[in-house]
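Observations on the model geometry
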Amino acid sequence: MNQHTVKAYGDELNQITAEVARMGGLAEAQVADSIDSVARRDVGLARAVIERDGKLDQLHRDIEKKAIRMIALRQPVASDLRRTYGAIKMASDLERTGDLASAARVLRGACRGELARHAGDARRPRQACVH
């Protein structure tokens, strides 16, 4: 880790990094729970996945806001700029991952449980939904 003459700047970088890591863990849990909800036809778990999506959305906004503020005020260069911009990109990708995990609600309604019957066969989900 780089040493910064301004300790607060280093702390801000570390805080953003920690928030992205936390967001990654939440997105991973969203995907796992989404798959489980479809495979087990667990409506309660599917609802929980959908409700938790808002938390990922809020984390994304918070990370983006902090990173943009840091770029504007601190004007980082080289590795610090790459790390800050990378946090914005990763947060965006993780937020999208959460959105896709929440897409189980669409599949659940459209397929009426048919997808879960074919969850083990990756070639059949589309055919299960098309009657």
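Relevant structure appears above.
1. Description of the overall build of the protein chain
For the protein chain, the count of helices and strands is 6 helices and 0 strands. Reading the secondary structure of the protein chain in the N-to-C direction produces α-α-α-α-α-α. The 131 residues of the protein chain split such that 33% are buried. Nonlocal contacts in the protein chain, meaning residues at least 24 apart in sequence, comprise 73% of its contacts between residues at least 6 apart. For the protein chain, the computed accessible surface area is about 8,400 Å², with 55% contributed by carbon and sulfur atoms.

2. A word on unusual backbone geometry
The phi dihedral of R41 falls on the positive side, at around 55 degrees, and the residue is not glycine. Inspection of the secondary structure puts R41 in the loop between α1 (7-40) and α2 (43-74). Its identity as a non-glycine residue notwithstanding, A78 has a phi of 50 degrees, on the positive side.

3. Brief notes about the packing of α2 against helix α3 (residues 78-102)
Between α2 and α3, whose axes approach to 9 Å, the crossing angle comes to 165 degrees. Judged by the inter-axis angle, α2 sits roughly antiparallel to α3. Considering the relative orientation of α2 and α3, their crossing is left-handed. Residues V49, I50, D53, L56, D57, H60, I63, E64, A67, I68, M70 and I71 of α2 form the contact with α3, whose own contacting residues are L81, T84, A87, I88, A91, S92, L94, E95, G98, D99, A101 and S102. Of the residues that constitute the contact of α2 with α3, the class distribution is 14 nonpolar, 5 polar and 5 charged.

4. Overview of the pattern of salt bridges
If you walk through the whole model with that rule in mind, you get 5 salt bridges. For K66, the salt bridge identified is with E19, shortest N-O distance 2.6 Å. Here K66, found in helix α2, pairs with E19, found in helix α1; they are 47 residues apart in sequence, far enough to count as distant. Exposure remark for K66: the relative accessible area of 31% places this residue in the partly exposed category. You can call E19 buried: its relative accessible area is 13%. A salt bridge links D33 to R52, with the shortest nitrogen-to-oxygen separation between them at 2.7 Å. Placement of D33 in helix α1 and of R52 in helix α2 is noted, with a sequence separation of 19 residues between them.

5. Regarding the environment of G10
Mapped onto the elements, G10 comes out in helix α1. In this structure the C-alpha to C-alpha distance between G10 and D80, which are 70 residues apart in sequence, comes to 9.3 Å.

6. Let's talk about the side chain of D57
Mapped onto the fold, D57 is located in helix α2. An unpaired buried charge is present at D57: no salt bridge exists, and R61, the closest side chain of opposite charge, is 5.1 Å distant. With sequence-adjacent residues up to four places away left out, D57 is seen in contact with E95 and D99.

The rules behind these values
Residues numbered from 1 in each chain as written. Predicted model: local features only at pLDDT ≥ 70, side-chain atom pairs only at ≥ 80, totals over all residues. Heavy atoms only, no water. Helix = DSSP H or I, 4+ residues; strand = E, 2+ residues; numbered from the N terminus. Buried < 20%, exposed > 50% of the residue type's maximum accessible area, 1.4 Å probe, protein only. Contact = heavy atoms within 4.5 Å. Areas by Shrake-Rupley, 256 points an atom, 1.4 Å probe, with all protein chains shown as cover. Axes fitted to C-alpha atoms, helices over the stretch in contact; angles between N-to-C directions. Parallel < 35°, antiparallel > 145°, perpendicular 65-115°, else oblique. Left-handed = near helix turned anticlockwise from the far one by under 90°. Nonpolar A, V, L, I, M, F, W, Y, C, P; charged D, E, K, R; others polar. Salt bridge = Lys/Arg side-chain N within 4 Å of Asp/Glu carboxyl O. Lys, Arg positive; Asp, Glu negative; His and termini not counted.

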